[in-house]
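As a plain string of letters, each chain reads:
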Amino acid sequence: MLSKPATLLLGIINEEPRNAYEITKMLAYMNIKWWFNIADSTVYTTLKNLEKRGLIEGSIERVGNMPDRTIYSLTEKGKNALKETIRNSILQFNYDTNIFTIAAFIMDILETEEKKELLEKRLNILQSYLAGISKQDNEAWKQEVSAFHVANVKRMIDIVNAEISGTKRLLSVFEE
């Protein structure tokens, strides 16, 4: 599975081949820093690593008197790795919700029916997870553990409920 920065950058490049500077500007425009802090240096390093791994390829472009710039595009290997990472990211739950958020932003690389099927599976996974963790939240258990432990489990339940709500919102796109 790809890292979060790699997934995000491959998703952006999949939309349209871009150079590193354009990618950093796109990230700024999307206000990514408010939910996933990715430094410009990480963008450049990740692009070089993706190119070494054969997931993207760079082609040199010259525009007027400007310095040469490298435009990156996805290779077939990169497209397959991106799709697999998106699939895995949708079907797993993690309290670090950034990977799902990234996957949701770029899941248009998948066919419509597959997106819907994956989101429905995610909803089932989340509902099962909620049922399991909610079993812990009972009066007898609350008497045995600290107030912080109780508060933390309730916080975890809140996060799962938010993920359920968000997944339902994404599924509602298919009803329109």
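Quantities reported herein were computed from a predicted structural model and do not represent experimental measurements.

Peer 1: Describe the overall build of the chain, with residues and values.
Peer 2: Looking only at helices and strands, one finds eight helices and two strands in the chain. Of the regular secondary structure in the chain, the N- to C-terminal order runs α-α-α-β-β-α-α-α-α-α. Against the 2.2 N^0.38 benchmark of 16 Å for 176 residues, the chain shows a C-alpha radius of gyration of 20 Å, more extended than a compact globule. If one aligns the C-alpha atoms of the chain with their principal axes, the spans along those axes are about 75 × 35 × 30 Å. Looking at the 176 residues of the chain, the share that counts as buried comes to 36%. Surface accessibility of the chain: about 10400 Å² in total, with carbon and sulfur atoms responsible for 50%. When the 23 basic and 24 acidic side-chain charges of the chain are each reduced to a single mean position, those positions are 3 Å apart.

Peer 1: Got a sec to walk through the side chain of Thr7? Specific residues and values, please.
Peer 2: As for its position among the elements, Thr7 is in helix 1 (residues 4-15). Judged by its relative accessible area of 1%, Thr7 is buried. At 2.8 Å, the side chain of Thr7 forms a polar contact with the backbone oxygen of Ser3. Thr7 has contacts with Leu2, Leu82, Thr85, Ile99, Ile102 and Ile106, leaving out every residue within four places of it along the chain.

Peer 1: So what about the pattern of salt bridges? Which residues, and what values?
Peer 2: On inspection of all chains with the given rule, the structure shows 14 salt bridges. For Arg69, the salt bridge is made with Glu61, and the minimal N-O distance between the two is 2.5 Å. Take Arg69: its relative accessible area is 30%, and that puts it in the partly exposed class. Residue Glu61 is classed as partly exposed on the basis of its relative accessible area of 29%. Between Arg62 and Asp68 there is a salt bridge, with the nearest N and O atoms lying 3.0 Å from each other. When its relative accessible area of 61% is taken as the criterion, Arg62 is described as exposed. It is possible to trace a salt-bridge network through shared partners that takes in Asp137, Glu139, Lys142 and Lys154.

Peer 1: Got a sec to walk through the nonpolar core? Specific residues and values, please.
Peer 2: Counting residues in each nonpolar core, the largest one holds 46 residues, and the members touching the most others are Ile23, Leu27, Leu47, Ile56, Ile86 and Ile90. If you list the elements that add at least two residues to this core, you get helix 1, helix 2 (20-29), helix 3 (40-52), strand 2 (69-74), helix 4 (76-90), helix 5 (98-106), helix 6 (112-134) and helix 8 (147-172). The element that contributes the greatest number of residues to this core is helix 8, accounting for seven residues. Among residues more than four places away in sequence, those in contact with Ile86 are Ala103, Ile106, Met107, Ile109 and Leu110.

Peer 1: Just give me the short version of the packing of aromatic side chains, but keep the residues and values in it.
Peer 2: In this description, an aromatic ring pair is defined by two values, namely the gap between the centres and the angle between the planes. Going through the model one piece at a time under the given rule, you end up with five aromatic pairs. Residues Trp35 and Phe105 carry aromatic rings whose centres are separated by 5.6 Å and whose planes lie at 15° to one another, so their mutual orientation is stacked. Here Trp35 is found in the loop between helix 2 and helix 3, whereas its partner Phe105 is found in helix 5, with 70 residues between them in sequence. The exposure class assigned to Trp35 is partly exposed, which follows from its relative accessible area of 25%. Looking at Phe105, the relative accessible area reads 45%, which means it is partly exposed. The interplanar angle of 65° and the centroid separation of 6.2 Å between the aromatic rings of Tyr95 and Tyr129 together place this pair among those described as edge-to-face. Here the residue Tyr95 occupies a position in the loop between helix 4 and helix 5, and Tyr129 occupies one in helix 6, the gap between them amounting to 34 residues. Judged by relative accessible area, Tyr95 falls into the partly exposed class, the value being 28%. Taken together, Trp35, Phe36 and Phe105 form an aromatic cluster joined through their ring pairs. Over the ring of Phe100 we find Arg122; its NZ or CZ atom is 3.6 Å from the centre of that ring.

Conventions used here
Residues numbered from 1 in each chain as written. Predicted model: local features only at pLDDT ≥ 70, side-chain atom pairs only at ≥ 80, totals over all residues. Heavy atoms only, no water. Helix = DSSP H or I, 4+ residues; strand = E, 2+ residues; numbered from the N terminus. Rg over C-alpha atoms; globule rule 2.2 N^0.38 Å. Buried < 20%, exposed > 50% of the residue type's maximum accessible area, 1.4 Å probe, protein only. Areas by Shrake-Rupley, 256 points an atom, 1.4 Å probe, with all protein chains shown as cover. Lys, Arg positive; Asp, Glu negative; His and termini not counted. Charge placed at Lys NZ, Arg CZ, Asp CG, Glu CD. Polar contact = N/O pair within 3.5 Å; in protein donor to acceptor, adjacent residues only side chain to side chain. Contact = heavy atoms within 4.5 Å. Salt bridge = Lys/Arg side-chain N within 4 Å of Asp/Glu carboxyl O. Core = buried A, V, L, I, M, F, W, Y, C linked by side-chain atoms within 4.5 Å. Phe/Tyr/Trp six-rings, centres within 6.5 Å; stacked < 30°, edge-to-face > 60°. Lys NZ or Arg CZ within 6 Å of the ring centre and 35° of its normal.

Remember that the coordinates give geometry; whether it matters functionally is a separate question.
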